[in-house]
Each structure stands twice: as C-alpha cells, then as structure tokens.
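Read off the chains here:
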Amino acid sequence: MVDAGMKNQLLLVLLGALVLGCDPGGDPEVDAGVDAGVGGQAILPVRKGDIWRYRVESTLTRSDGGEETRVVERVRKYLGEVRKDAEGQAIEAFEIVEEGVPIEQELVRILPDRILACGSLSLAGPNLQPIIFANPVPFVRRGLKGGEDLPEIRFGQKGGAEVVRKIRVIGPEEVEVKAGRFDTIKLLFTGQDGPLGIRRTVWFAEGTGIVREEKERFTKAGGVLTHESHELVAIERSGE
Amino acid sequence: MKPLTMVLAGLIGCGCAMAQDAGEGVLQLPDRPEGQIHDPGNWLPRLDAEVLEQRLGALRKADKIDITIAVLPSQPPVPPEVFARQLLGRWGEGDGQTLILHVAGDPEGPWLASGGRMVRLAGEVPTKEAMVEAKMRIEAVSGEREQILAAVEEMEDLLRFLSYRGRYYEERLRAVQASYQLNEMQGRLNRRIFLLAAVVGGVLLLLGAALVSVYWSRNRAPLWFPVTSWRLRFGAPYAGGNDAVMRLGGPERRNSLAPKGGSDG
C-alpha cells in the first residue's frame, strides 16, 4: 500500500528526472543583464588605486617532511584597464604584491552585476606573456545560490600541462575577519595544474570583495605541498 | 485496515525486525552518540573533539546537515565501508548526512558514507564525483588526525553544496508543478469560456432566427389601413378613400380587394 507521503516522494522523484538535466548555474550570456542591484551599488565598486590588505599565513611542506610556516602581508591593488581583448573589450587588472613572490596580475572584467575572470599575468620574468582566456568566465555574480556549478575554467599552460578549475558555489556564510564581519558567498575552486591538485576556497562579500581565502596545493603521492590562509585586514579606497 | 492486510503487514514487519536484529547482532552497531562524535577509546585529542563537536553541532542545527564521526579502536567485523554505511543507516538524521569512520591505526581510512533526502535529490552522479574528489584530497593529507579534519572540511562543503542543490531542485520542481497546475487551470477556464460563448451564441442565433421569422411572417400578412369613418365635408356630394385596402401582391388581386360598393362615385 502506497501512502500519500510516499506518492508525493515518487512524484517528486519523477519530476526530478525532468529537471535534473538542467544545470542550476545560469548561462552567463543569457542573464548578462546589467543590474546594479539594490541602491544602484555595483557588485564590487572600484577605483584605480584601491587597495585590499590581507594577512597571509602559508605553510610549505619540505621534501624532508618538515613544515615551514610564514606570515606575510599580501596587497591587492586595482590598476584599472590595462589592455583590451581580441574583441576590443576592456580588461582590468588587480596587482598582487607579496614579499618574496613575483608580482602577479589578476586579469578581470568588472561589470555591475558580475566579475569575469579573463586570465592572469606573472611578472616573474621580463618576457612573460599573459594567459588570456578565450572566453571570460564568471568568477562571481550577483544572486549566486548555494548548489550552483559555475562554468569550468580550462586552458593550456606553457609547458603543455592543462589547467582546469571547477567552481562550486557552496552557499552563503557569515565570516568574521580582522576587517569586520561580512555576509559572504563561499566558492570552492578545485582542479589540476598538471600533476598538482588545487583546492581554493574563497569567501566573497558583495561590495567588499574577497574577505577570506584558503588555498591548498597537493599531489596524490606527495601529500599537501602548500597551504595558504588569507584574511582581509583592511581596505584603503583611493580618494578617501 | 482489513484483518488479512493487518496480518500480512504484521508478518512482514516481524520479518523485517527479525532480519534487522540478526544483522545488528552480528555487527553490534553502537547507539548514536549524544553529540556528533563516537570515540569510546578517546582517540581524538580532547581539544579537537570539543572543536569538532561545536562545529558539527552548529552545522546540524543551522543547516540540518548531520556529520557524525565514529572512531573505532579496532577493525569492525565487516569491511569498514560496509560498517560505515550500516552506521549511517542507523544514526543518520537530517537532509544531508555523512558518516566519517576511522579505525585507529589503519592508514586506509577514513571511510565515508553519505545519504539524506537532499543528497538523493541532488543526484547520484554529482555526489559520487564529489566524493571521489574529496577522497583524493583527504588521502593527500598526511596523518590520521589531519585526515579526519580534512574529511570533516570536505564533507561539510560537499553536504552544504548538495543540500543547496537539492533545495534548488525542489524549488524548480515546485515551480514546474505550479506552472503545470496553472496551465491546467487556464485550460479548464478556456474550455468553460468557450462553452459559455457557444451557448450564448447559440441562444442569440435562435433568438435572431425567431425575430427574423416573426418579421417575415408579419410582412407577409395583408396590410390594412385602419377603418375610418367618413362624412361629407363642406357639403360635398362625395368622398374618397373610405375602407381602402392595400396589399403587397400581384396586381391581379387588386380588384378583389377593392371595397365593394365604394362610393368613389
């Protein structure tokens, strides 16, 4: 005998089969409407020269099995538009400065309702070319819900190894860091840089940016190689 | 319930209960702990256990995600992955459930088992894929204690993700159901409006036909001028038009309708 509750469950499962094929992640091209949000505030208001200061604690596993931990400051500075892509669209950059690490640039496009990742540039050598994605992928957008998969990032590296990033929206989370308490959305990036496994968790607060970050690189055979923990300490807006 | 059905249900229930008792007798499944950690040998450092209890308790309360940790001092009587599933089946509560089983001193662990309504709704394939990824990262961590902590972190993220995904699908299902019901209602309403329009149209048609019929029948009857009285006016010797009749018809009948004995003079 099938009771009413079980009937509802069965109906739910059957209807589930109809919609399970649909990815909950919205198509970036479909819903790319410009929406500045409540009060007209952009998802990340930026001005050239804005600075985010982070406290970074990184642990490096040495080849002898020992660990080395250091605490440094990492500065993320908004440079504004730095180049144009093949279609003539502006590419903006954040410059990442950290003691003992070559300067890097995160190449992005900041729209009122989303931030697209466009690539990266490491300034470790004089003749290095930036990695530019053929199609910018959403890093974060307004209205993200837990349980969504964002489009995968996939590009080839210079040495031939493929870089893959799978992005999952874990869900909303309230986070307290030195800079204050923030309502964030937690994003999990997993993937491979050739033989290295990557696990990066980002807590993004609308209007503020990245407030916390955990990054881990590991190999199946060698275990965890590095672990970094970032925490927002302060934001310095230019002109304030 | 009819007596026969009751008897059958009772027999089936007894059978199930006996099978369960027999199974549990072999496996000797422990009771669910009051908190989230079953560690009879106090293998986990006290501080870790306290932090984990607090963290997992909050997660269970806020998000209905139930992550339990079982640390066994020795190997269970069945393969650990089977034991983990059995324990989850007995202990699991909430929309998303995971059991992390660790056997002290066994480098193969920890073993993970997941379930719950939201996890089932999110789908078997994404759950399996995510579990494989999680397991890979847990295995990369060195140290049994560290692996348990990594497993908690992985499972917390995974269950939250799957729970939200399940909720998302549930919302979508409700929206599909609502849309289907709305379409049904709209269809019924449209059918009723069509039926009503047909009835009203039919009645109007009949009424129109009746009116036309009456009109035609009235026009086909002889038309009579009203009878008028006549009298001599101003002493004239004759008068005209008395009892005149007009008929819409052939000229051949005109004479027959003319008043007899007219005094047109």
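Everything that follows concerns the structure shown earlier in this document.
Cut-off values and rules
Residues numbered from 1 in each chain as written. Chains lettered and ligands numbered in written order. Predicted model: local features only at pLDDT ≥ 70, side-chain atom pairs only at ≥ 80, totals over all residues. Heavy atoms only, no water. Pairing = 2+ DSSP bridges. Helix = DSSP H or I, 4+ residues; strand = E, 2+ residues; numbered from the N terminus. Contact = heavy atoms within 4.5 Å. Buried area = accessible area lost by both parts, 1.4 Å probe. Salt bridge = Lys/Arg side-chain N within 4 Å of Asp/Glu carboxyl O. Nonpolar A, V, L, I, M, F, W, Y, C, P; charged D, E, K, R; others polar. Core = buried A, V, L, I, M, F, W, Y, C linked by side-chain atoms within 4.5 Å. Buried < 20%, exposed > 50% of the residue type's maximum accessible area, 1.4 Å probe, protein only. Axes fitted to C-alpha atoms, helices over the stretch in contact; angles between N-to-C directions. Parallel < 35°, antiparallel > 145°, perpendicular 65-115°, else oblique. Left-handed = near helix turned anticlockwise from the far one by under 90°. Phe/Tyr/Trp six-rings, centres within 6.5 Å; stacked < 30°, edge-to-face > 60°. Lys NZ or Arg CZ within 6 Å of the ring centre and 35° of its normal.

(A) Seen up close, the pairing of strand β8 (residues 162–177) of chain A. Residues and elements named next belong to chain A. Bridge count for β8 against strand β9 (residues 180–193) is 14 bridges, and the pairing is antiparallel. Paired with Glu176 across the strands is Arg181, a residue of β9. Here β8 folds back onto β9 in antiparallel fashion, the turn holding 2 residues.

(B) Region of the structure containing the interface of chain B and chain A. In this complex, chain B contributes 26 residues to the contact, which on the side of chain A involves 32 residues. Here chain B meets chain A over a buried area of about 2,700 Å², counting both sides, of which 58% is carbon and sulfur. If you sort the residues of chain B by the area they bury against chain A, Asp157, Phe161 and Leu173 of chain B come out on top, with a joint share of 21%. The tally of links between chain B and chain A comes to 9 salt bridges. Residue assignment for the side of chain B that touches chain A shows that the elements contributing at least two residues are α4 (117–122), α5 (124–140) and α6 (144–220) of chain B. With 15 residues, α6 of chain B is the largest single contributor of residues to the side of chain B that touches chain A. Of the residues in the side of chain B that touches chain A, the class split is 12 nonpolar, 1 polar and 13 charged.

(C) Focus on the pattern of salt bridges. Evaluated as defined, the whole model comprises 39 salt bridges over all chains. With its nearest N and O atoms 3.3 Å apart, the salt bridge here joins Glu50 of chain B to Arg46 of chain B. Within this pair, Glu50 of chain B and its partner Arg46 of chain B are both found in helix α2 (residues 46–63), separated by 4 residues, close to a single helical turn. What you see here is one network of salt bridges that share partners, running through Glu173, Lys186, Arg199 and Glu216 of chain A together with Asp63, Arg137, Glu153, Glu154, Asp157 and Arg160 of chain B.

(D) Structural detail: the nonpolar core. Core analysis: the largest hydrophobic core is formed by 36 residues, its most contacted members being Ile115, Phe139, Val140, Phe204 and Val211 of chain A. Sequence-distant contacts of Val140 of chain A, defined by excluding residues within four places in its chain, comprise Ile43, Arg114, Ile115, Ile185, Leu187 and Phe204 of chain A. Core analysis: the next-biggest nonpolar cluster, separate from the first, contains 33 residues, Ile69, Ala122, Ala150 and Met155 of chain B among them.

(E) Expanded view of the packing of α5 of chain B against α6 of chain B. Residues and elements named next belong to chain B. For the pair α5 and α6, interaxial distance at closest approach is 9 Å and the crossing angle is 160°. Taken as axis vectors, α5 and α6 run roughly antiparallel relative to one another. At the point where α5 passes α6, the crossing takes the right-handed sense. Residues Thr127, Ala130, Met131, Ala134, Arg137, Ile138 and Glu139 of α5 lie in contact with α6, whose contacting residues are Gln147, Ala150, Ala151, Glu153, Glu154, Met155, Leu158 and Leu162. Along the lines of polarity and charge, the residues of the contact of α5 with α6 split into 9 nonpolar, 2 polar and 4 charged.

(F) The side chain of Thr190 of chain A, seen in detail. Here Thr190 of chain A lies in strand β9. By relative accessible area, which is 13% here, Thr190 of chain A ends up buried. When near neighbours in sequence (up to four residues on either side) are disregarded, Thr190 of chain A contacts Val164, Arg165, Lys166, Ile198 and Arg199 of chain A together with Glu133 of chain B.

(G) Expanded view of the packing of aromatic side chains. Applying the stated criterion to the full structure yields 6 aromatic pairs over all chains. Where Trp52 of chain A meets Phe94 of chain A, the ring centres are 5.6 Å apart and the plane angle is 80°; that geometry is what we call edge-to-face. Here Trp52 of chain A, found in strand β1 (residues 51–61), pairs with Phe94 of chain A, found in strand β3 (residues 90–98); they are 42 residues apart in sequence, far enough to count as distant. Take Phe94 of chain A: its relative accessible area is 6%, and that puts it in the buried class. Their ring planes at 25° and their centres at 5.7 Å tell us that Phe139 of chain A and Phe189 of chain A sit as a pair that is stacked. Of the two residues, Phe139 of chain A sits in strand β6 (residues 131–141) while Phe189 of chain A sits in strand β9, which places them 50 residues apart along the sequence. Given a relative accessible area of 13%, Phe139 of chain A falls into the buried group. Taking the ring centre of Phe161 of chain B as reference, the NZ or CZ of Arg168 of chain A above it sits at 5.2 Å. The ring centre of Phe189 of chain A lies 5.3 Å from the NZ or CZ of Arg200 of chain A, which sits over that ring.

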